Amino acid sequence: MGSFKLGKMTLRSLFGKPETVMYPLEKRDIPAGHRGVVEIDMAKCILCGICVKRCPCSAIEVDKAAGTWSINHFGCIQCDTCVRECPKGALSMSMEFPHVAPVKTRQVESKPEPTPEELAAEAAKKAEREARIAAAKAAKAAKAAKAAQEVESAKE
Ligand code: SF4
Ligand code: SF4
């Protein structure tokens, strides 16, 4: 590289507009399609764990018993796989930049308490399922009794 070109570059660096900004104090306009931070809508999440299996960085954890979904944002590479694979559309990429923090922490989200309407719908579904099982059992028992009766009749 010629000394003239090098000098020009040095002067441009010294007196030109900086290429970088003082993030997070100063932020640039975010371009469309930006992959920011993974966000979750817990009302939609069914804790199926598909995002856990698909994440290449093991950044997501689901605890069904505790009803929680959590993410290690510091392990996330914003690949968007979990967002694409979630069957309920519960995940999205925010238009934010990843968090800045002095210590690595997990973001833990819990399932919201079900509303009275949701509880009633769940109870109705359960009752319907139990009635269907009881009817199937009764039909099976009746069929078995009929078959046994036919065997007895054939013996006589
Ligand atoms: S894939 Fe979607 S619904 Fe399933 S646990 Fe992940 S966020 Fe929840
Ligand atoms: S965006 Fe990629 S790396 Fe980040 S949590 Fe989702 S699947 Fe994992």
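Residue numbers here run from 1 along each chain, matching the order of that chain's written sequence. Ligands are numbered from 1 and chains lettered from A, in the order in which they are written. Reporting of local features is limited, given that this is a predicted model, to residues whose pLDDT is at least 70; pairs of side-chain atoms are given and counted only at 80 or more, and all residues count toward the totals for whole chains, interfaces and linings. The side-chain figures draw on all heavy atoms in the structure; neither hydrogens nor water molecules are used.

Considerations on the side chain of threonine 68
This is how the line gets drawn: Each helix is a run of H or I in the DSSP string that is no shorter than four residues. Each strand is a run of E no shorter than two, and both are numbered from the N terminus. The contact definition used throughout considers only heavy atoms, calling two residues in contact when any of these lie within 4.5 Å.
You can see threonine 68 is positioned in strand β3 (residues 68-71). Those residues within four positions of threonine 68 in sequence are excluded, and the remaining contacts are Leu47, Glu61, Val62, Asp63, Val108, Glu109 and Ser110.

Looking at the site of ligand 1
Keep this limit in mind: If even one non-hydrogen atom of a residue comes within 4 Å of a molecule or strand, that residue is called near it. Lys, Arg, Asp and Glu make up the charged group, whereas Ala, Val, Leu, Ile, Met, Phe, Trp, Tyr, Cys and Pro make up the nonpolar group; the residues left over, Gly among them, are polar.
Contacts to ligand 1 come from 13 residues, most closely from Cys45, Cys48, Gly49, Cys51 and Cys86. Here the shell around ligand 1 is composed, by residue class, of 12 nonpolar, 1 polar and no charged.

Some words on the domain arrangement of the protein
Put simply, the rule is: The start and end points of each domain follow an automatic or database-based domain assignment.
Considered domain by domain, the protein is made up of domain 1 (30-112) and domain 2 (114-156). Taken over C-alpha atoms, the centre of domain 1 sits 42 Å from the centre of domain 2.

Considerations on the environment of alanine 142
Structurally, alanine 142 is set in helix α4 (residues 116-155). Remark: the alpha-carbon pair of alanine 142 and glycine 36, spanning 106 residues in sequence, is separated by 61 Å.

Here we look at the pairing of strand β2 (residues 60-63)
Stated precisely, the cut-off is as follows: The criterion for strand pairing is that DSSP finds at least two bridges linking the strands in question.
Where β2 and β3 come together, 4 bridges link them in antiparallel fashion. Its bridge partner being in β3, aspartate 63 is matched across the sheet by threonine 68. Linking β2 to β3, which pair antiparallel, is a turn of 4 residues; within it glycine 67 sits at a positive phi near 70°.

Here's the deal with the site of ligand 2
Neighbouring ligand 2 are 14 residues; Cys55, Cys76, Cys79, Asp80 and Cys82 lie closest to it. Grouping the constituent residues of the shell around ligand 2 by class yields 11 nonpolar, 2 polar and 1 charged.

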